[in-house]
Amino acid sequence: MSELTPETTLNNGVTIPRLGLGVFQVPPEDTQRIVEDALAAGYRHIDTAAGYRNEAGVGAAIAASGLAREEIFVTTKLRNGEQGRAQEAFQNSRKALGLDYVDLYLIHWPVPSQGLYVQAWKEMERLYENKQIRAIGVSNFLADHLDTLLEAAEVPPAVNQIELHPSYQQAELAAKCRSLGIAVEAYSPLGQGGDLNGNAVTAVAQAHNATTAQVVLAWHLAAGTIAIPKSVDPSRIRENFAATSLTLSDDELAAITALESGARIGSDPAVASFTQL
């Protein structure tokens, strides 16, 4: 794995670069170009999902990059409407990506109304045992979903990918995950841009001659959180990557942590039930 970014060692010994590129809402026709830009900038962790409909573009970029497969950490996710056929869904994702294996496969949402996420997890455990996936995890799982899963799981989740940014930190859930050895991964790590304009972030950015996005990403990295900012702008992609070399003081980190407002941007995992099909 690349030494370009700090890494987190997951609970099964697999290492994941702590800064990655997310491709949520990246149009399929633009995905290959954007991922190629990110790989050229030094990213070695790409996060996609079947529900994003751009896995093929991610795979094409990896194939075109000239990089060895083992240098790139690839995450994809199980669609909500396919929790009853997780093995088939995984194989479709793997083929779309054009890869022999996937580094991390996540249940995208618990969809508790379906009552299928434990069944999906058991199927994912078989894929993990067969070494088609290097690590398995979940996304958007709240504390009660984790408790239910862990009662049935033979393999504990390696990761819980959740909405996490300065104004919505889910501190109690993140602490629970870490206490269980589950790595915390932040999606919408910049609050979809909404967390970049506050006085606290701006002041820290000015003090370091950095962008506000770099400051927020450095805050995530300092906490040991994995972050997957999304951008379609090559210069912004490079700027975000430079956050790996930015170190903030304890006071600066505390000023950003104080921005918590409890305002969720995305759907509530307790009730979200869309199929993504």
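Here, every reference points to the structure presented above.
Residues numbered from 1 in each chain as written. Predicted model: local features only at pLDDT ≥ 70, side-chain atom pairs only at ≥ 80, totals over all residues. Heavy atoms only, no water.

Asks: Please clarify how the environment of Gln 32 should be interpreted in this entry.
Replies: Locating Gln 32 in the fold gives a position in helix α1 (residues 28-41). Sequence separation between Gln 32 and Gln 161 is 129 residues; the distance between their C-alpha atoms is 23 Å. Contact partners of Gln 32, with chain neighbours within four places excluded, come to Gly 57, Ala 60, Ala 61 and Ala 64. (Helix = DSSP H or I, 4+ residues; strand = E, 2+ residues; numbered from the N terminus. Contact = heavy atoms within 4.5 Å.)

Asks: I keep staring at the sheet that holds strand β8 (residues 159-163) and nothing clicks. Help me out?
Replies: Sheets are built from strands that pair by backbone hydrogen bonding, the pairs being arranged parallel or antiparallel. The 8 strands lie next to each other as β3-β4-β5-β6-β7-β8-β9-β10, forming an open sheet whose pairing is parallel. Unpaired on one side and paired on the other, β3 (21-22) and β10 (226-227) mark the two borders of the sheet. For strand β6 (residues 102-107) and strand β7 (residues 133-139), the ladder comprises 5 bridges, and the chain directions are parallel. Directly across from Leu 104, in β7, lies its bridge partner Ala 135. (Pairing = 2+ DSSP bridges.)

Asks: I'm lost on helix α8 (residues 212-222) in this one. Help?
Replies: Since the α-helix advances by 3.6 residues per turn, residues separated by three or four positions end up pointing in the same direction. By the criterion of burial, α8 is predominantly enclosed, with 9 of the 11 residues buried. Among the residues of α8, those classed as buried are Ala 213, Gln 214, Val 215, Val 216, Leu 217, Ala 218, Trp 219, His 220 and Leu 221. Summarising the contacts, the buried residues of α8 are in contact with β9 (183-187), α7 (199-208), β10, α9 (234-241) and α10 (250-257). Looking one or two residues beyond α8, the residue adopting positive phi is Gly 224, at roughly 85 degrees. (Buried < 20%, exposed > 50% of the residue type's maximum accessible area, 1.4 Å probe, protein only.)

Asks: Can you walk me through the side chain of Gln 169 in this structure?
Replies: In this structure, Gln 169 sits in the loop between β8 and α6 (171-179). Of the residues examined, Gln 169 reaches a relative accessible area of 10% and is grouped as buried. Not counting residues up to four positions away in its chain, the partners in contact with Gln 169 are Leu 164, Trp 219, Ile 256, Thr 257 and Glu 260.

Asks: What is the right way to look at the nonpolar core in this model?
Replies: One broad rule of soluble globular proteins: the nonpolar side chains tend to lie buried together. Residues Leu 21, Val 35, Leu 78, Ile 107, Val 215 and Leu 248 are the most contacted members of the largest nonpolar core, which totals 68 residues. When residues in this core are grouped by element, the largest group, 7 residues, is from α8. Membership of the second largest hydrophobic core comes to 11 residues, among which are Ile 16, Phe 73, Leu 106 and Val 159. (Core = buried A, V, L, I, M, F, W, Y, C linked by side-chain atoms within 4.5 Å.)

Asks: Help me out: how do you make sense of the environment of Val 271 in this one?
Replies: Relative to the assigned elements, Val 271 resides in the segment after α10. Residue Val 271 is classed as exposed on the basis of its relative accessible area, which comes to 60%. Each C-alpha atom, one on Val 271 and one on Thr 48, is 23 Å from the other, the two residues being 223 residues apart in sequence.

Asks: How should α6 be read in this particular structure?
Replies: Along α6, the positions that sit buried rather than exposed are Leu 173, Ala 174 and Cys 177. The buried residues of α6 occupy an angular sector of 100 degrees when the element is viewed end-on, so they sit on one face. Away from its buried face, by an angle of more than 90 degrees, α6 presents the exposed residues Ala 171, Glu 172 and Ser 179. Those residues of α6 that are buried are in contact with α5 (143-152), β8 and β9. Just beyond α6, the residue with positive phi is Gly 181, at close to 80 degrees. (Arc of directions from axis to C-beta.)

Asks: I'm lost on the packing of α7 against α10 in this one. Help?
Replies: Helix-helix packing is described using two parameters, namely the angle between the two axes and the distance between the axes. Look at α7 against α10: their axes get within 9 Å of each other, and the N-to-C directions meet at 155 degrees. On the basis of their axis angle, the class for α7 and α10 is roughly antiparallel. Considering the relative orientation of α7 and α10, their crossing is left-handed. In this structure, α7 uses Ala 200, Val 201, Val 204, Ala 207 and His 208 to contact α10, whose residues at the interface are Glu 252, Ala 255 and Ile 256. (Axes fitted to C-alpha atoms, helices over the stretch in contact; angles between N-to-C directions. Parallel < 35°, antiparallel > 145°, perpendicular 65-115°, else oblique. Left-handed = near helix turned anticlockwise from the far one by under 90°.)

Asks: In this structure, what is going on with the pattern of salt bridges? I would like to understand it.
Replies: Note that side chains of opposite charge can pair when their charged atoms are close. Inspection of every chain in the model, using the stated rule, returns 13 salt bridges. Between Glu 125 and Lys 122 there is a salt bridge, with the nearest N and O atoms lying 3.0 Å from each other. Remark: Lys 122 and Glu 125 occur in helix α4 (residues 117-129); sequence separation between them is 3 residues, near one turn of the helix. Since its relative accessible area comes to 0%, Glu 125 is described here as buried. (Salt bridge = Lys/Arg side-chain N within 4 Å of Asp/Glu carboxyl O.)

Asks: Help me understand the packing of α1 against α9 in this model?
Replies: With their axes 9 Å apart at the nearest point, α1 and α9 run at an angle of 35 degrees to one another. In terms of crossing hand, the pair formed by α1 and α9 is right-handed. Counted together, Ile 34, Asp 37, Ala 38 and Ala 41 of α1 and Pro 234, Ile 237, Arg 238 and Phe 241 of α9 form the full contact between these two elements. Residues that form the contact of α1 with α9 fall into these classes: 6 nonpolar, no polar and 2 charged. (Nonpolar A, V, L, I, M, F, W, Y, C, P; charged D, E, K, R; others polar.)

Asks: How should the packing of aromatic side chains be read in this particular structure?
Replies: Each aromatic ring pair is specified by the distance between its two centres and by the angle formed by the two planes. Following the criterion strictly, the structure yields 5 aromatic pairs and no others. With 5.0 Å between their ring centres and 70 degrees between their planes, Phe 90 and Tyr 105 make a pair best called edge-to-face. Placement of Phe 90 in helix α3 (residues 86-97) and of Tyr 105 in strand β6 is noted, with a sequence separation of 15 residues between them. By relative accessible area, Phe 90 is classed as buried at 0%. The ring of Tyr 101 carries the charged tip of Arg 69 above its face, separated from the ring centre by 4.1 Å. (Phe/Tyr/Trp six-rings, centres within 6.5 Å; stacked < 30°, edge-to-face > 60°. Lys NZ or Arg CZ within 6 Å of the ring centre and 35° of its normal.)

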